[in-house]
Amino acid sequence: MNSKRFRPSAWLKWLVPLLLAVLLLGLFTTLAIIGMSLFGIKFE
Amino acid sequence: MHYIPILSTLVTFAFAVAVFRRYLLRRGPHLLMWTIGLFLYGIGTLSEVILGLAFSSLVLKFWYLCGAVLTAAWLGQGTLHLLVRRRGVAWTLTGILAGISILAGALVLTAPLTSASTAYQVSQPISSQYQNILSRSGLIIALTIVLNIYGTLALVGGAIYSAYIFWRKRVLFHRMIGNILIAAGALAPAMGGSFIKMGLPDWMYMTELVGAVLMYIGFQQATTVPSVEPAPVSSH
């Protein structure tokens, strides 16, 4: 299993958490937009 | 713009075949659910190709049913099978989803069309016209919304969660990258649906293509075991 471990470089240490945070934000935004249409809220 | 759904269809069906071939080798139920989801995705984009040539009420209904109602839920169901360890839970939810899918299919295929279908324009994206043509009941709209929330949360949330676990444990770099790409790819068409609601229907074709390509690359990345350690290693 040790060969499957990795040590992230300095730039990966901030890039990966940033990417995950952006994806999480995108997920919540999308869910909010879909959810609001359930209550009849439109953006047009 | 009609060449984009053609590309999306080719990529999606190639992706579906790749996942199904892996299912034949590994027999994981998540792979079967993803195959179903990708097949539905492909029917949705293929319907866009056909509707770009001529109008057909049946194709319009298949486009709405497969592309807008069911795809996200079945893809998300695959991720649920992968992450939920209690098999009974995942299979129970699959049974419920199958029942709801049949109900949604019956409702959409029997939904009436309005007189606006005579004014259909092949040069315009179907996403900008279907709301005036397809008469959707409140139940159809509610099912569409609930299934999309369920599928997006399971697929995107599951991929983000998996990527985070690999990152925190510092293991399986290729799977972490694969899951990040899958999450980004799955978000793209989900946001495409949101663009329709925001009055930007043209963006949907591109988000479908980007989504299919990113998820395919992510799947390949996550399932291909590298022969050499791929992760960049810090110099200090």
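In this text, all values refer to a predicted model and were calculated from it rather than measured experimentally.

Cut-offs applied
- Residues numbered from 1 in each chain as written.
- Chains lettered and ligands numbered in written order.
- Predicted model: local features only at pLDDT ≥ 70, side-chain atom pairs only at ≥ 80, totals over all residues.
- Helix = DSSP H or I, 4+ residues; strand = E, 2+ residues; numbered from the N terminus.
- Rg over C-alpha atoms; globule rule 2.2 N^0.38 Å.
- Buried ≥ 20, exposed ≤ 12 C-beta atoms within 10 Å, placed from the backbone.
- Contact = placed C-beta atoms within 7 Å.
- pLDDT = per-residue confidence, 0-100.
- Expected span 1.5 Å × (residues − 1).
- Axes fitted to C-alpha atoms, helices over the stretch in contact; angles between N-to-C directions.
- Parallel < 35°, antiparallel > 145°, perpendicular 65-115°, else oblique.
- Left-handed = near helix turned anticlockwise from the far one by under 90°.
- Nonpolar A, V, L, I, M, F, W, Y, C, P; charged D, E, K, R; others polar.
- Core = buried A, V, L, I, M, F, W, Y, C linked by C-beta atoms within 7 Å.

Visitor: How should the overall build of chain B be read in this particular structure?
Guide: From N to C terminus, chain B includes 8 helices and 0 strands. Each helix (α) and strand (β) of chain B, taken in turn from the N terminus, gives the series α-α-α-α-α-α-α-α. At 18 Å, chain B has a C-alpha radius of gyration in line with the 18 Å of a compact globule built from 236 residues. Across its three principal axes, chain B shows a C-alpha extent of roughly 65 × 40 × 30 Å. Residue burial in chain B is summarised as follows: out of 236 residues, 50% are buried. Across chain B, contacts joining residues at least 24 apart in sequence account for 71% of those joining residues at least 6 apart.

Visitor: Would you mind showing me how to read the confidence of the model for chain B here?
Guide: The predicted coordinates should not be examined in detail at positions where pLDDT is low. All names here are of chain B. Residue-level pLDDT values for chain B average 91, and 94% of them are 70 or greater. Averaged pLDDT values over the elements of chain B bottom out at 88 in helix α7 (residues 173-197) and peak at 97 in helix α2 (residues 29-51). Among the prediction metrics, the complex's ipTM stands at 0.87, with pTM recorded as 0.90.

Visitor: Whenever I open this one, helix α1 (residues 3-26) of chain B confuses me. Can you help?
Guide: Residues lying three or four places apart along an α-helix face the same way, a consequence of the helix completing one turn every 3.6 residues. All names here are of chain B. For α1, with 24 residues, the first-to-last C-alpha span of 35 Å sits near the 34 Å given by 1.5 Å per residue. Buried within α1 we find Ile4, Pro5, Ser8, Thr9, Val11, Thr12, Phe15, Ala16 and Val19. Elements that come into contact with the buried residues of α1 comprise α2 and α8 (203-223). Positive phi appears at Arg27, one or two residues downstream of α1, with a value of about 65°.

Visitor: Is there a simple way to explain the environment of Lys169 of chain B in this structure?
Guide: Residue and element names in this part refer to chain B. Note that Lys169 resides in helix α6 (residues 138-169). Since 12 C-beta atoms lie within 10 Å of it, Lys169 is described here as exposed. Sequence separation of Lys169 and Gly151 is 18 residues, and the distance between their C-alpha atoms is 27 Å.

Visitor: What exactly am I supposed to notice about the packing of α1 of chain B against α2 of chain B here?
Guide: How two helices sit against one another is set out by the angle between their axes and by the gap between those axes. Residues and elements named next belong to chain B. Interhelical geometry of α1 versus α2 gives an angle of 165° and a closest axis separation of 8 Å. Judged by the angle between their axes, α1 and α2 are roughly antiparallel. Judged by the twist between their axes, the crossing of α1 over α2 is left-handed. A breakdown of the residues in the contact of α1 with α2 according to their chemical character gives 16 nonpolar, 6 polar and 3 charged.

Visitor: Could you clarify how one ought to interpret the nonpolar core in this entry?
Guide: As a rule of thumb, soluble globular proteins bury nonpolar side chains together. Ranked by internal contacts, the top residues of the largest apolar core, which has 77 residues, are Ala183, Ala186 and Leu187 of chain B. Of all the secondary structure elements, the ones that give two or more residues to this core are α1 (10-38) of chain A together with α1, α2, α3 (57-83), α4 (87-109), α6, α7 and α8 of chain B.

Visitor: What should I look at first to understand the environment of Thr79 of chain B in this one?
Guide: Residues and elements named next belong to chain B. Its location among the elements puts Thr79 in helix α3. The exposure class assigned to Thr79 is buried, which follows from the 26 C-beta atoms found within 10 Å. Put simply, Thr79 and Ala159 are 80 residues apart on the chain and 7.8 Å apart in space, counted from C-alpha to C-alpha. For Thr79, the contacting residues outside a window of four places in its chain are His30, Ala154, Leu155, Gly158 and Ala159.

Visitor: Just to check I follow, could you spell out the packing of α3 of chain B against α6 of chain B for this structure?
Guide: Residues and elements named next belong to chain B. Relative orientation of the contacting elements α3 and α6 amounts to 35°, with a least axis distance of 7 Å. When the axes of α3 and α6 are compared, the crossing they make is left-handed. Every residue of α6 that contacts α3 at Ala68, Val69, Leu70, Ala72, Ala73, Leu75, Gly76, Gln77, Thr79, Leu80 and Leu83 is listed here: Leu143, Thr144, Leu147, Asn148, Tyr150, Gly151, Thr152, Leu153, Ala154, Leu155, Gly158 and Ala159. Residues of the contact of α3 with α6, tallied by class, amount to 15 nonpolar, 8 polar and no charged.

Visitor: Whenever I open this one, unusual backbone geometry confuses me. Can you help?
Guide: For residues that are not glycine, phi is negative in most cases, and the peptide bond is trans in most cases. Residue and element names in this part refer to chain B. Although it is not a glycine, Arg27 sits at a positive phi angle of roughly 65°. Turning to its location among the elements, Arg27 is positioned in the loop between α1 and α2. By C-beta crowding, Arg27 is classed as exposed, having 9 other C-beta atoms within 10 Å. Non-glycine residue Leu172 carries a positive phi angle of around 50°. Position of Leu172 relative to the elements: it lies in the loop between α6 and α7.

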